[in-house]
Amino acid sequence: MAKAKFDPEAISNFLTEQRDEAPAEVQSVFLDFEDLWESKLWHQLTEKLLEYFSSKESHGQRLQLYKRFILSFSDKINQLKLVKLALSASSEIKDDAERATFLETLLKQVDKPESEEAQTYATSELAAVYLRLDEEQKARELLDKAQVSLDRFDFVENIVHASFYRVNAEFYQSGSDFTSYYRNSLLYLACVDASELSAKERQQRAYNLALAALVSDQIYNFGELLLHPILDALKPPHTQAWLRELLFAFNRGDLATFDKLSNNLSKNEILDSHKIFLYQKISLAALTELVFRRPPHDRAMTFQTISQETKVKPTEIEHLLMKALSLGLLRGKIDQVAEIARINWVQPKVLEKTQIDGMRQRLKEWDSNVNDLGHWIENQGKDVWAA
């Protein structure tokens, strides 16, 4: 693609115009731009532009600065930083179809073997625009292309990974793939500092993650989410604080709290349509919690005992156990004739204070039993020790 010609005098005049239109407190920045540009100090100029673009004072000037100034030396600067500047400029384009055209041009510009990282970044962000335009097929093709590139990198800037995971999560959310949304959204949060997100973004992300965790038919361990500070965005007095409480109730298999909070499910169409599934899911959580609380030598339980302690109907216990075994939440055997479940393993999970206290009590009991055994051996073996 042929490079556009830029007249140095026209660029100088443009910077003067922009300086005059800018607020008085930032007019000196444009003098710096011109000095660095004339001195061909491209790295320093890029950093200065990135700093200015991140300020609210640059709003309304970014797009023109990009088109009439930055493009004049775009091939001389770090291409990943060029994409950052272009994306910041594109935020001033209100029409998504026009923004897509802008980013398509950018993608062609950085489509070079030596700037694959920048190309991947631009690819993900173009996919985000296609999603807003309801062109899911185009978005998926670009995201798959970005995934292939990311898999080849030994190292990549966090901002590139974050962009991919954010847009990939949006794609799966649009298709109601709650499991994939949950996983990609957590990967996105692993690439960014959640405290730098706006309060509204944190609340929306926490809400969507909680929703996905609850209704996913593949996620039965919410540990990573429960430990993530993003969930603090739903703490009281937030109106959706009950959703956070519901997540913790699922983690400890608390059917009583679930019953208390179940009236809130009707507040969300997705949760309301999954009421039966959610009851089955927390019943599984209650079962695994029951097994977890028992010491390893006492995990042979009758169906009646399981029913009494989990509050699940006796007629549903066998199906509940089979479901838990098939999902890999438990390992063991079921004696259908004797109606006994013998469990030898339970899936690890994040523990709350009450659960940790239960483990402490079990360790104390184990320590006491070991001491008792040691005393018994000592008493029974006196003659042996003496000999």
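Residues numbered from 1 in each chain as written. Predicted model: local features only at pLDDT ≥ 70, side-chain atom pairs only at ≥ 80, totals over all residues. Heavy atoms only, no water.

Trainee: Describe the overall build of the chain, naming the residues involved and giving the relevant values.
Mentor: Scanning the chain from N- to C-terminus turns up 20 helices and three strands. Whereas a compact globule of 387 residues would reach a radius of gyration of roughly 21 Å, the chain reaches 30 Å, over 25% beyond that. Across the 387 residues of the chain, 46% fall into the buried class. For the chain, restricting intrachain contacts to residue pairs at least 6 apart in sequence, the fraction spanning at least 24 positions comes to 61%. Roughly 21,100 Å² of accessible area belongs to the chain as shown, and the carbon and sulfur atoms make up 50% of that amount. Treating the 48 positive side-chain charges of the chain as one cloud and the 59 negative ones as another, the clouds have centres 4 Å apart. (Helix = DSSP H or I, 4+ residues; strand = E, 2+ residues; numbered from the N terminus. Rg over C-alpha atoms; globule rule 2.2 N^0.38 Å. Buried < 20%, exposed > 50% of the residue type's maximum accessible area, 1.4 Å probe, protein only. Contact = heavy atoms within 4.5 Å. Areas by Shrake-Rupley, 256 points an atom, 1.4 Å probe, with all protein chains shown as cover. Lys, Arg positive; Asp, Glu negative; His and termini not counted. Charge placed at Lys NZ, Arg CZ, Asp CG, Glu CD.)

Trainee: Would you mind going over empty space enclosed by the protein in detail, with residue names and values included?
Mentor: What the rule picks out here adds up to one cavity of 30 Å³ or more. Lining the largest cavity are 14 residues, with Tyr220, Ala285, Thr288, Gln347 and Lys349 sitting closest to its centre. Elements with a contribution of two residues or more to the lining of the largest cavity: α13 (241-251) and α16 (275-293). For the lining of the largest cavity, the element with the most residues is α16, which contributes five residues. (1 Å grid on protein atoms, 1.4 Å probe; cavity = no way out; pocket = protein on both sides within 12 Å on 5 of 7 lines; lining within 4 Å. Points joined across faces, edges and corners; volume = space filled by probe spheres on them.)

Trainee: Account for the pattern of salt bridges, naming residues and giving values.
Mentor: According to the stated counting rule, one finds 19 salt bridges in the structure shown. Between Arg166 and Glu125 there is a salt bridge, with its nearest N and O atoms 2.3 Å apart. Note that Arg166 is positioned in helix α9 (residues 158-174) and Glu125 in helix α7 (residues 116-132), a separation of 41 residues in sequence. Taking relative accessible area as the criterion, Arg166 reaches 18% and is therefore assigned buried. The residue Glu309 makes a salt bridge to Arg293 at a minimum N-O spacing of 3.8 Å. Taken together, the residues Glu309 in helix α17 (residues 303-310) and Arg293 in helix α16 connect sequence positions 16 residues apart. On the basis of relative accessible area, Arg293 is assigned to the partly exposed category, the value being 43%. Connected through shared salt-bridge partners, Arg293, Arg294, Asp298 and Glu309 make up one network. (Salt bridge = Lys/Arg side-chain N within 4 Å of Asp/Glu carboxyl O.)

Trainee: Which residues make up the sheet that holds strand β1 (residues 300-302), and what values go with them?
Mentor: The strand order β1-β3-β2 describes an open sheet built from three strands, whose pairing is antiparallel. Both outer strands of the open sheet, β1 and β2 (330-335), are each paired with one neighbouring strand and no more. Strand-to-strand twist in this sheet, taken as the mean axis angle between neighbours without regard to direction, amounts to 25°. As defined by bridge partners, β1 adjoins strand β3 (residues 340-346) across three bridges and the pair is classed as antiparallel. What sits directly across from Met301, in β3, is Ala341. Packing against the sheet, α16 makes contact with β1, β2 and β3, and its axis sits at approximately 80° to β3. Across the sheet, α17 lies against β1, β2 and β3, angled at about 80° from β1, the strand it touches most. (Pairing = 2+ DSSP bridges. Axes fitted to C-alpha atoms, helices over the stretch in contact; angles between N-to-C directions.)

Trainee: Provide a residue-level description of helix α3 (residues 42-53), including the pertinent values.
Mentor: Spanning twelve residues, α3 covers 16 Å between terminal C-alpha atoms, matching the ideal 16 Å at 1.5 Å per step. For α3, the complete set of buried residues consists of Trp42, Leu45, Thr46, Leu49, Tyr52 and Phe53. Viewed end-on, α3 has its buried residues packed into an arc of 130°, placing them on one side of the element. In α3, the exposed positions angled more than 90 degrees off the buried face are occupied by His43 and Glu51. Buried-residue contacts for α3 involve α2 (27-38), α4 (62-68) and α5 (79-90). (Expected span 1.5 Å × (residues − 1). Arc of directions from axis to C-beta.)

Trainee: Explain the packing of helix α1 (residues 8-21) against α2 residue by residue, including any values.
Mentor: The N-to-C vectors of α1 and α2 enclose an angle of 165°; their axes lie 8 Å apart at closest approach. Relative to α2, the element α1 lies roughly antiparallel. Every pair of crossing elements has a handedness; the one defined by α1 and α2 is right-handed. Residues Pro8, Ile11, Ser12, Leu15, Gln18, Arg19 and Asp20 of α1 touch α2, and the partners they reach there are Gln27, Phe30, Leu31, Glu34 and Trp37. Its residues placed into classes, the contact of α1 with α2 shows six nonpolar, three polar and three charged. (Parallel < 35°, antiparallel > 145°, perpendicular 65-115°, else oblique. Left-handed = near helix turned anticlockwise from the far one by under 90°. Nonpolar A, V, L, I, M, F, W, Y, C, P; charged D, E, K, R; others polar.)

Trainee: Outline unusual backbone geometry, listing residues and values.
Mentor: Following Pro236, the chain continues to Pro237 via a peptide bond in cis, the omega torsion being 10°. With respect to the secondary-structure elements, Pro237 resides in the loop between α12 (223-226) and α13. In this model, Lys311 sits at a positive phi of 70°, which is unusual for a non-glycine residue. Exposure remark for Lys311: the relative accessible area of 64% places this residue in the exposed category. For Glu339, which is not glycine, the phi torsion reads 55° and is therefore positive. Along the polypeptide, Glu339 turns up in the loop between β2 and β3.

Trainee: Could you give me a rundown of the packing of α16 against helix α18 (residues 317-326), with the residues and numbers involved?
Mentor: Axes are the key here: two packed helices are described by the angle between their axes and the distance separating the axes. Interhelical geometry of α16 versus α18 gives an angle of 80° and a closest axis separation of 10 Å. Judged by the angle between their axes, α16 and α18 are roughly perpendicular. For the pair α16 and α18, the contacting residues are Gln280, Ser283, Leu284 and Leu287 in the first and Leu320, Leu321, Lys323 and Ala324 in the second. Class assignment for the residues of the contact of α16 with α18 results in five nonpolar, two polar and one charged.

Trainee: Explain α17 to me, using residue names and the numbers behind them.
Mentor: Taken as a whole, α17 has its buried residues at Phe303, Ile306, Ser307 and Thr310. Along the axis of α17, the buried positions cluster into a sector of 100°, meaning they face one direction only. In the stretch just after α17, Lys311 is the one whose phi turns positive, near 70°.

Trainee: Provide a residue-level description of the pairing of β3, including the pertinent values.
Mentor: The pairing of β2 with β3 spans six bridges and is antiparallel. By the bridge assignment, Leu330 is partnered in β3 with Val346. Hairpin remark: β2 followed by β3, antiparallel, with four residues in the connecting loop; positive phi at Glu339, about 55°.

Note that all results are geometric; they support no functional claim without further evidence.
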